[in-house]
Amino acid sequence: MDSLLIRGGVPLRGDVTISGAKNAVLPIMAATLLTREKCVIRRVPDLSDVRFMAQILESLGAKVKVDGDVVTIQAARLKPVADYDLIRKMRGSICILGPLLGRQRHARVSLPGGCVIGTRPIDLHLKGMKDLGAVISIEGGNVDVLARRLIGADIFLGGRAGPTVLGTANVMMAAVLADGVTTIESAACEPEVVDLAYFLNKMGAKIIGAGSPTITITGVKELAGVEHEVIPDRIEAATFAIAAAATKGEVTIHGARPDHMHAVLDKLKDAGVKIERKGLTLTVKKGGRLKPVDVTTLPYAGFPTDVQAQMMVLMALTPGLSIITERIFESRFMHVSELARLGADISIEGPSAIVKGGRLLSGAPVMASDLRASAALVIAGMAARGTTHVNRIYHLDRGYEKIDQKLAGLGARIQRVDQV
Ligand code: EPU
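Below is a short write-up of the structure. The written sequence of each chain sets the order in which its residues are numbered from 1. Given that this is a predicted model, residues contribute local features only at a pLDDT of at least 70 and side-chain atom pairs are listed and counted only at 80 or more, while totals for whole chains, interfaces and linings are drawn from all residues. Side-chain measures were taken over the full set of non-hydrogen atoms in the model, leaving aside hydrogen atoms and water.

### Remarks on the site of the ligand
Here a residue is considered near a molecule or strand provided that any single heavy atom belonging to it is located within 4 Å of it. Around the ligand sit 23 residues, and of these Asp123, Leu124, Thr164, Asp306 and Ile328 come closest. In the environment of the ligand, an oxygen atom lies 2.8 Å from a nitrogen or oxygen atom belonging to the backbone of Val165. Polar contacts, as used here, are pairs of N or O atoms within 3.5 Å; protein pairs need one atom able to donate a hydrogen and one able to accept it. Residues neighboring in sequence count only if both atoms are side-chain atoms. Within the backbone of Leu166, one N or O atom sits 2.8 Å away from an oxygen atom of the ligand. In terms of residue count, the dominant contributor to the shell around the ligand is helix α5 (residues 123-131) (3 residues). When residues are sorted by character, Ala, Val, Leu, Ile, Met, Phe, Trp, Tyr, Cys and Pro go into the nonpolar class, Asp, Glu, Lys and Arg into the charged class, and all the rest, Gly among them, into the polar class. Tallied by class, residues from the shell around the ligand come to 11 nonpolar, 4 polar and 8 charged. Only DSSP runs of H or I reaching four residues or more are called helices, and only runs of E reaching two or more are called strands; each is numbered from the N terminus.

Here's what the structure looks like:
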């Protein structure tokens, strides 16, 4: 098993280019199941999650061809039942449910379990599909969703933590082939939902309002194959911006979408990080002293939960007290104990982490627990004195394309080695 060996203390310098967004490409790949025709997706990042999704689509009968960052998918014929062993590997695979229901009027998928960041239920996905007329049954760990007809409906998708991103995607994908008009209230507003709606509209769907809390979908009879370029990964861009600030470096980030990153850029500015913005390019400048800021994660356009762990590292390095509150996932603080191994002073009080920043971090072996926690540990390792070994980096490979190579290109002393 691979791990990363990082010799810290080197400021990152240079240029890096952002890859396509993982959380946009996964539902878009699933959406190709809605047509018999061929779809071509461009700027697809080379990630293990993308490879899992390709395998899942193949197991359902689709033909998938990967050529560099271009993925061609054609689902001429489909079966509605997905393989448990594939689904359980990736929670994001739940987004095949909506397209299978839309096209086949039937889907059977194994229920995804919880994961380290929280329980991750799918009740809202199922509620939306039920409102469209589907009958839901759960048996033997599988969820079976069956509809003789899908009929447009008014659907409220707000949950205890606000809207659901993949739930919105799933209901939208089922509703595009329903009879009549569907309105989703309390829809997720994330740019990835907007990219999916854009993709579906190119296919011939009639969706308006994506990016706002109310999405209206007028059902159509069938959809066609299209070509599409996925949006850049706003979480990857934020991760590099924070890595640059944490190592006191100067990095130019190309191909980003700063308009998808307002909350992160604003928080970094409040913390004293100097960032120049020019079109699709962000330059994090070597700045003066940083100051602590409080952060609360929220649905888009609030501060993303997927950047919480990385921001915590920056605050751990910044003298003073900051409070980081996690409002999306109940146990997304697994990185805290690992950061403590590097010398960070962080305690957890309910949904908040109290960060007493400014302590010098020093390298240690640490264990990655999930994707964003892994990114945080890599940033901490680069900012720490000495050598850090980040183990279990398969989490990192799920969602960051060639991160070790990209960081090495910025001067980081980082090496992929066998796990210690
Ligand atoms: N929730 C429910 N019921 C549901 C669905 C969600 O109560 O039926 C709750 C969740 O438990 C959570 C909140 O609603 O408390 C938000 O979850 P959401 O459904 O929005 O998360 P998701 O769609 O499963 C996507 C991303 C996550 C990202 C979240 C929040 C993908 C593949 N995953 O998950 O990405 O953190 O939205 O923005 O798009 C990551 O990339 O590291 C990652 C975990």
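### Details of the sheet that holds strand β7 (residues 135-139)
One bridge is not enough; two strands pair if DSSP finds at least two bridges between them. Ordered by their spatial adjacency, 3 strands build an open sheet running β6-β8-β7, and the pairing between neighbours is antiparallel. Edge positions in the sheet fall to β6 (106-110) and β7, since each of these pairs with one other strand and no more. The mean inter-strand angle of the sheet, taken between neighbouring strand axes irrespective of direction, is 15 degrees. Contacts are assigned to residue pairs that have any heavy atoms within 4.5 Å of one another. To define axes, lines are fitted to C-alpha atoms, for helices over the stretch in contact only, and angles between the resulting N-to-C directions are given on a 0 to 180 degree scale. Taken strand by strand, α5 contacts β7 and β8 (142-146), and its axis lies near 140 degrees from that of β7.

### Re empty space enclosed by the protein
A 1.4 Å probe that fits but cannot get out identifies a cavity on a 1 Å grid over protein atoms alone, an open set with protein on both sides within 12 Å along at least five of seven lines counts as a pocket, and a residue lines either if it has an atom within 4 Å of a point. Grid points are joined across faces, edges and corners, and a volume is the space filled by probe spheres set on the points. Within the structure shown, the criterion is met by 5 cavities of 30 Å³ or more. Considering the residues around the largest cavity, the lining is formed by 13 residues, among which Arg234, His260, Met261, Val264 and Pro304 are closest to the centre. Elements with a minimum of two residues in the lining of the largest cavity: α8 (234-246) and α9 (262-270). For the second largest cavity, the calculated volume is near 40 Å³. Among the secondary structure elements, those contributing two or more residues to the lining of the second largest cavity are α8, α12 (371-383) and α14 (403-409). Looking at the lining of the second largest cavity residue by residue, the classes come out as 7 nonpolar, 1 polar and no charged.

### Considering helix α1 (residues 22-31)
Burial here depends on accessible area, computed with a 1.4 Å probe over protein chains only, as a share of the maximum for the residue type. Under 20% is buried, over 50% is exposed, and the range in between is partly exposed. Here α1 lies mainly inside the structure; 9 of its 10 residues are buried. Listed in full, the buried residues belonging to α1 are Lys22, Ala24, Val25, Leu26, Pro27, Ile28, Met29, Ala30 and Ala31.

### Some thoughts on the nonpolar core
By convention a nonpolar core is built from buried Ala, Val, Leu, Ile, Met, Phe, Trp, Tyr and Cys residues, the set being connected through side-chain atoms within 4.5 Å. Ile96, Met172 and Leu200 are the most contacted members of the largest nonpolar core, which totals 80 residues. Non-local contacts of Leu200, meaning those with residues more than four positions away in its chain, are made with Ala31, Leu34, Met172, Met173, Val176, Ala205, Ile207 and Leu223.

### Focus on the environment of Ser347
Secondary-structure assignment places Ser347 in strand β19 (residues 345-349). Separated by 203 residues in sequence, Ser347 and Asp144 place their C-alpha atoms 42 Å apart.

### Considering the sheet that holds strand β4 (residues 63-67)
Spatially, the 4 strands line up as an open sheet ordered β4-β5-β3-β13, and their pairing is mixed. Among the strands making up the open sheet, the edge pair consists of β4 and β13 (227-229). On average, each strand axis in the sheet is tilted by 15 degrees relative to the strand beside it, whichever way the strands run. Alignment of strand β3 (residues 38-42) against β13, held across 3 bridges, turns out to be parallel. Residue Ile41 lies in a different strand from β13, and its bridge partner there is His228.

The values reported here are purely geometric and, on their own, carry no functional implication.
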